[in-house]
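Reading the structure
Here's the letter readout for the chains.
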Amino acid sequence: MFDPVRLELLWTRLVSIVDEAAAALLRSSFSTVVRESHDFGCVLTDARGQSIVQATDSVPSFLCTLPATVRHFLKEYPAETLEPGDILITNDIWMGTGHLPDITVAKPIFRDGVLVGFAGSIAHSPDIGGRIRSAEARDVFEEGLQIPIMKAVAAGVPDATLMRMLRKNTRVPDQVLGDLHAQFAALDLMERRVLGLLAEHGLPHLAGLAEEIQSRSERATRAAIAAVPDGVYRAAVQTDGLDQPLKLQLALTVAGDEIVADYAGSDPQVARAINVCLAYTFAYTAFAVKAALCPAVPNNEGSFRPLTVTAPEGCILNSTHPAAGGARALTGHFLPALVLSALADALPDRVVAGVGSPLWCLGFSGFRKDGKPIANALFLNGGYGASSGMDGANVLSWPSNVSSASVETIEQTAPWHIRYRRLREGTGGVGSHRGGTGQETHYESRSDQPIAVTFLAERTQKNSAAPGLAGGGPGAPGAVIIDGVVVDPKRQHIVMPGGTVEMRTPGGGGHGDPDRRDPALIESDKLDGYA
């Protein structure tokens, strides 16, 4: 048993360990995807692969996917086959995060020869070979290099063949391997700090501390669920889809202190790269449930034990091999909004109107003047949904917390000149509280060669705009424009030298009757360029 004071000291120490590892990863990474946009995660698990603590800046979904990957590692490499200095690796869609660019690594932590836990990290690689990331890939084999579960480092010695394979099969190998070694450095740091903590406090292992943290979090989560009236809460959403819209459907059953989220009725998986593996479906369902019911409870395995997530095998939210998943955010990022929509009647003061997500992205690939290939991903965000108590934030990443790279960084590292990046006036939904505005960014190619571009972009149709809540209006839909012409963002396009790309992200939905908005706020919106 741990008394409350000691437990709090140990908990904050654990948070500081993973946060320090995250800072080390960011500072030593090579790509703007990690260094500027923060598309990464650091998680500490116990010896069973059950999460204990996550770095503050981590992408929310990684808290659930990374421990699941560690458990897959343990099936392939049981504890007795591991030794100090090993680092395991994979980017398998169905054992990882749902798409190949996310590389998951984990290092077993030993104390006195006994496995006590795992230091884990995920980072979105700037390139993984194959097609540049888009919704067009028809199967996983088109999407790039697949890394099976293996030892990237064995007893402290990196696998030279793996490193050569990564260098040969990626467009920007220095960035890819630089980020990977930054992940290794973060794992080493977590290992040292955890062993130091155990020695300082006379703990033989992490098991007792982990169970105390997880069981307290589980009890708090169950209490929060029990406060919600029992029942089946339903919601459905229509996405832009491909040639036809796609339907996602949820039945959220609250029974006592447990929740079952069932996505039966959602459309089947498709021969394009917008499919979602079940681990990712669970992750973003869990994120929304926790955010709505108990956001202050520590993030760890115990918080998610009362939740069960099901989806029919072969549907778009439980894809099967060899379904492509490179653009799975275009589907998976709708899930938190779907959960909040289902809970809106039961928890009207805890949910927000529709958000201008999924996350938007400009992916590109080409060649520098010296003939060297270039590839990267630049992220953009839409407006946040309003709530019963406040306006939606402008240009806020949700449900992911991935950042936009600065204009200066983009122009220094990529063949683009940014003519402007500004708020989209009048794109937030009307209401007693208005939705957040989207943004518009205008890129001009500085390359002397054609550039292949792809997009992650959703909510570009009126029927899929971010919906308002409690009488609020919808946000404005987004648009992708090349050389002045609106294009299909689900397809790859070629931008010629001097060509332009404009991305207009969606606004968030408004909340409440627009006629009840304070006239002073309406005037302020006009002055600030929000209306």
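Preceding this paragraph is the structure being described.
Everything numeric in this text was worked out from a predicted model, so none of it was measured. (Residues numbered from 1 in each chain as written. Predicted model: local features only at pLDDT ≥ 70, side-chain atom pairs only at ≥ 80, totals over all residues. Heavy atoms only, no water.)

1. Let's talk about the sheet that holds strand β11 (residues 307-310)
In spatial order, the strands read β8-β9-β10-β11; together these four strands make up an open sheet with mixed pairing. On the outer flanks of this sheet lie β8 (231-239) and β11, each paired with one strand and no other. This sheet shows a mean twist of 15° between the axes of neighbouring strands, independent of strand direction. Where strand β9 (residues 246-255) meets strand β10 (residues 258-262), five bridges bridge the pair, whose relative direction is antiparallel. Paired with T253 across the bridge in β10 is V260. (Pairing = 2+ DSSP bridges. Helix = DSSP H or I, 4+ residues; strand = E, 2+ residues; numbered from the N terminus. Axes fitted to C-alpha atoms, helices over the stretch in contact; angles between N-to-C directions.)

2. A few points about the nonpolar core
Counting 131 residues, the largest nonpolar core has L44 and Y263 as its most contacted members. In this view, Y263 contacts Q249, L250, T281, T285, V309, T310, A311, P312, L317, L335, L338 and V339; residues no more than four positions away in its chain are not counted. Membership of the second largest hydrophobic core comes to 22 residues, among which are W360, F455, V480 and V487. (Core = buried A, V, L, I, M, F, W, Y, C linked by side-chain atoms within 4.5 Å. Buried < 20%, exposed > 50% of the residue type's maximum accessible area, 1.4 Å probe, protein only. Contact = heavy atoms within 4.5 Å.)

3. Description of the side chain of T505
Counting through the fold element by element, T505 comes out in the loop between β20 (500-504) and α12 (519-528). For T505, a relative accessible area of 0% corresponds to the buried category. At 2.8 Å, the side chain of T505 and the backbone nitrogen of Q439 are in polar contact. When sequence neighbours within four positions are dropped, the list of residues in contact with T505 reads W360, L380, N381, G382, R424, G438, Q439 and G478. (Polar contact = N/O pair within 3.5 Å; in protein donor to acceptor, adjacent residues only side chain to side chain.)

4. Brief notes about the environment of T310
On the secondary structure map, T310 appears in strand β11. Sequence separation of T310 and T460 is 150 residues, and the distance between their C-alpha atoms is 29 Å. Filtering out sequence-adjacent residues up to four positions away, T310 remains in contact with A261, D262 and Y263. Within the local environment of T310, its side chain forms a polar contact with the side chain of D262, the two groups lying 3.0 Å apart.

5. Observations concerning helix α1 (residues 4-28)
Given a rise of 1.5 Å per residue, 25 residues ought to cover 36 Å, and the 36 Å separating the end C-alpha atoms of α1 matches this to within 8%. Along α1, the residues that are buried comprise L7, L10, W11, L14, V15, I17, V18, A21, A22, L25 and L26. Next to the buried residues of α1 lie α2 (32-35), β1 (40-46), β2 (51-54), β5 (114-124), α5 (173-201) and α6 (207-226). One side-chain oxygen of the residue at the start of α1 lies 3.1 Å from the amide nitrogen of V5, identifying that residue as D3. (Expected span 1.5 Å × (residues − 1).)

6. Quick notes on the packing of helix α4 (residues 160-169) against α5
Viewed as axis vectors pointing N to C, α4 and α5 meet at an angle of 140°, and their least axial separation amounts to 8 Å. With respect to each other, α4 and α5 are oriented oblique. Of the two elements, α4 crosses α5, and the hand of that crossing is right-handed. Seen from α4, the contacting residues are M163, L166 and R167; seen from α5, they are P173, D174, L177, L180, H181 and F184. (Parallel < 35°, antiparallel > 145°, perpendicular 65-115°, else oblique. Left-handed = near helix turned anticlockwise from the far one by under 90°.)

Taken by themselves, the reported measurements are silent on function.
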